[in-house]
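Okay, here's what each chain looks like letter by letter:
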Amino acid sequence: MKKLSFRVRTTLLTAGCLAVACLVMYIALLWLADVKIVQTVEMGLTSEESGAFFSQPCDEVVIGEELPEDKTSDMELYGLLAKSGLQKFKWLGAIILLLITGAGSILAWFVSGIFIAPVKKLSQKIENVDSRQMKLDVSEFSAGDELNKLADSFLQMMERIRIAFEREKRFSMAAAHELKTPLAVMQSSIDILELSEEPTVDEYREAISDIETQVSRLTTLVTDLLSFSKIGKPEFIQKVEAEPLVENLLEELSLRYSEHIISKQLTTVSLYTNQTLLERALYNLLDNAAKYSSQGSTIAVQLLQEDNSCVFKVADEGCGISPEAVAHIFEPFYREDPSRYRGIAGAGLGLSFVKEFADAYGGSISCTSAVHVGTEFTLILPQNPEK
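Residues numbered from 1 in each chain as written. Predicted model: local features only at pLDDT ≥ 70, side-chain atom pairs only at ≥ 80, totals over all residues. Heavy atoms only, no water.

A.B. asks: Which residues make up the packing of aromatic side chains, and what values go with them?
C.D. replies: All chains considered together, the criterion is met by two aromatic pairs. Measuring from centroid to centroid gives 6.3 Å for Phe330 and Phe377, while their planes differ by 80 degrees, and the two rings are edge-to-face. With Phe330 in the loop between helix H8 (323-326) and helix H9 (350-360) and Phe377 in strand S7 (residues 374-382), this residue pair connects regions lying 47 residues apart in the sequence. Phe330 sits in the buried class, given a relative accessible area of 19%. With a relative accessible area of 5%, Phe377 lands in the buried category. (Phe/Tyr/Trp six-rings, centres within 6.5 Å; stacked < 30°, edge-to-face > 60°. Helix = DSSP H or I, 4+ residues; strand = E, 2+ residues; numbered from the N terminus. Buried < 20%, exposed > 50% of the residue type's maximum accessible area, 1.4 Å probe, protein only.)

Rendered as structure tokens:
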């Protein structure tokens, strides 16, 4: 049954319903004809007496009352005629039943075709969608509210898929570019050694130093990519005490960037989240603040509780971000004017990771910045995402 088309199934269902309805009506009519006509005649009543019989009160009617002998032969004739009429009625009713069922099935076939035509049209449009562009034109599609809503919903889904594909495509291209750059530098260092007939110890050391730098860059990039890929459906949720977690991160930060002054305002806050991902997100924000601010500047860190949410703020006194770039800093591999940040390690995945983490766990991340003044990031996470 499932292999049949919707149009055929609709026609068969309609035909079945018509056949059942007509059959029930046919049986009911046969029963009424047999009870009210044939049996009445067999009881020995004429048509006038039948009317009188049904019009009399129940207590005045004597079923099976014998009629005069002169009427007996007439009543036998009436009985034969009634039975013959009933037989003809049966055949005529059967033919009418078949005709009604057939006509209704044909009508159902054409009507279902009219209703299915817009669906076929939409199906053809969907089949002709270009997998590279992922665009569907339904501007001329008009088939009633329900089907139009279906087309609009499908169009919205296609748009979301197209945006996701484009984002993944840009991400793959950027990742390939970031991976290619250190590999090219490593290959250049090797080529220089091969071209030199007798490389000196200093040349070897310089090549090894360059290769180690690029290997470190590749390791960081691969680590960031792996961390980025782990963000998805919230999992491994546990109760996390945020204050000691931030304290440990600040201690690690002070060891790496001892030239910075760290100002902290921490409140005892707990939340349910993935501790590993939270630690990585907070580290990215702190590391960015330290990398993009000058030596001796202050990094202000706040951990607050507001409206059943955990609020983490980190502000620096660095070079700041232009208003145009603020709208793009959470995109993967985005870096504003690399010439301004020459010598600062990073692939542009840190803030993207924070954004993806915040979205996945019901939070948000925002940025306010002024060029040559500083930047402040605010990460807000619900203490219990299930509420």
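A.B. asks: Talk me through a nonpolar patch on the surface; I want residue IDs and the actual numbers.
C.D. replies: A surface patch of nonpolar side chains, about 520 Å² in accessible area, is lined by Met25, Leu29, Trp31, Leu32 and Phe89. With four residues, helix H1 (residues 6-42) is the largest single contributor of residues to the nonpolar patch. Within the secondary structure layout, Leu29 lies in helix H1. Judged by its relative accessible area of 40%, Leu29 falls in the partly exposed class. (Patch = residues over 30% accessible without salt bridge, like charges linked within 9 Å, V, L, I, M, F, W, Y side chains within 5 Å. Areas by Shrake-Rupley, 256 points an atom, 1.4 Å probe, with all protein chains shown as cover. Salt bridge = Lys/Arg side-chain N within 4 Å of Asp/Glu carboxyl O.)

A.B. asks: Run through the packing of helix H6 (residues 242-256) against helix H7 (residues 275-291), naming residues and quoting values.
C.D. replies: As a packed pair, H6 and H7 sit with axes 10 Å apart at the nearest point and diverge in direction by 40 degrees. In this structure, H6 crosses over H7, and the sense of that crossing is right-handed. Along the contact surface, H6 presents Leu245, Val246, Leu249, Leu250, Glu252, Leu253 and Arg256, while H7 presents Gln275, Leu278, Glu279, Leu282, Tyr283, Leu286, Asp287 and Ala290. For the contact of H6 with H7, the residue count by class is ten nonpolar, one polar and four charged. (Axes fitted to C-alpha atoms, helices over the stretch in contact; angles between N-to-C directions. Left-handed = near helix turned anticlockwise from the far one by under 90°. Contact = heavy atoms within 4.5 Å. Nonpolar A, V, L, I, M, F, W, Y, C, P; charged D, E, K, R; others polar.)

A.B. asks: Report on the sheet that holds S7, specifying residues and quantitative values.
C.D. replies: Taking strand neighbours across the sheet as the criterion, the five strands line up as S2-S4-S5-S7-S6 in an open arrangement whose pairing is mixed. Edge positions in the sheet fall to strand S2 (261-266) and strand S6 (364-370), since each has one partner strand and no second. Pairwise comparison of adjacent strand axes, ignoring direction, gives a mean angle of 10 degrees for this sheet. In terms of strand pairing, S6 meets S7 through seven bridges, oriented antiparallel. Directly across from Cys367, in S7, lies its bridge partner Phe377. Seen against the sheet, H6 touches S2, strand S4 (298-306) and strand S5 (309-316) and runs at an angle of roughly 180 degrees to S2. In the packing of H7 onto the sheet, the strands contacted are S4, S5, S6 and S7, and the crossing angle to S5 comes to about 20 degrees. (Pairing = 2+ DSSP bridges.)

A.B. asks: Could you give me a rundown of empty space enclosed by the protein, with the residues and numbers involved?
C.D. replies: This structure, assessed with the given rule, holds two cavities of 30 Å³ or more. Around the largest cavity, the lining residues are Ala242, Leu278, Leu282, Leu303, Cys310, Phe312, Leu379 and Leu381. If you list the elements that add at least two residues to the lining of the largest cavity, you get H7, S5 and S7. Its residues assigned to classes, the lining of the largest cavity shows eight nonpolar, no polar and no charged. Size it by volume and the second largest cavity reaches roughly 40 Å³. (1 Å grid on protein atoms, 1.4 Å probe; cavity = no way out; pocket = protein on both sides within 12 Å on 5 of 7 lines; lining within 4 Å. Points joined across faces, edges and corners; volume = space filled by probe spheres on them.)

A.B. asks: Pulling in residues and values, what's your account of H7?
C.D. replies: Here H7 contains 17 residues, and its C-alpha end-to-end distance of 24 Å stays within 8% of the 24 Å for a straight helix at 1.5 Å per residue. Across the 17 residues of H7, twelve count as buried, placing the element largely inside the fold. Among the residues of H7, Leu277, Leu278, Ala281, Leu282, Tyr283, Asn284, Leu285, Leu286, Asp287, Asn288, Ala289 and Ala290 are the ones counted as buried. For H7, the N-terminal capping position is held by Asn274, with its side-chain oxygen 3.1 Å away from the main-chain nitrogen of Thr276. (Expected span 1.5 Å × (residues − 1). Polar contact = N/O pair within 3.5 Å; in protein donor to acceptor, adjacent residues only side chain to side chain.)

A.B. asks: For unusual backbone geometry, give the residues involved together with the corresponding values.
C.D. replies: One non-glycine residue with positive phi stands out, namely Asp307, at about 50 degrees. The topology assignment puts Asp307 in the loop between S4 and S5. Asp307 sits in the exposed class, given a relative accessible area of 74%. Not every positive phi belongs to a glycine, and His372 is a case in point at roughly 65 degrees. Following the sequence through the fold, His372 ends up in the loop between S6 and S7.

A.B. asks: Tell me about the confidence of the model for the protein, residues and numbers included.
C.D. replies: Scored by pLDDT, the protein has a mean of 76; 75% of the residues are at 70 or more. Low confidence marks residues 45-72, where pLDDT is under 50. Its contacts with residues over four positions away, or in another chain, come to 21 contacts. (pLDDT = per-residue confidence, 0-100.)

A.B. asks: I'd like a description of the nonpolar core, backed by residues and values.
C.D. replies: Counting 42 residues, the largest nonpolar core has Leu285, Val301, Phe312, Val314, Phe377 and Leu379 as the members making the most contacts within it. Among the secondary structure elements, those contributing two or more residues to this core are H6, H7, S4, S5, H9, S6 and S7. When residues in this core are grouped by element, the largest group, nine residues, is from H7. Excluding residues that lie within four positions of it along the chain, Phe312 makes contacts with Val246, Leu282, Leu285, Leu286, Val301, Gln302, Phe377, Thr378 and Leu379. (Core = buried A, V, L, I, M, F, W, Y, C linked by side-chain atoms within 4.5 Å.)

A.B. asks: So what's going on with the pattern of salt bridges? Which residues, and what values?
C.D. replies: Considering all chains together, one arrives at four salt bridges under this definition. Between Arg256 and Asp287 there is a salt bridge; the shortest N-O distance is 3.6 Å. You can see Arg256 sitting in helix H6 and its partner Asp287 sitting in helix H7, a full 31 residues away along the chain. The exposure class assigned to Arg256 is partly exposed, which follows from its relative accessible area of 48%. On the basis of relative accessibility, which here comes to 11%, the residue Asp287 falls in the buried class. Of the charged contacts in the structure, one is a salt bridge between Asp359 and Lys355, with a shortest N-O distance of 3.7 Å.

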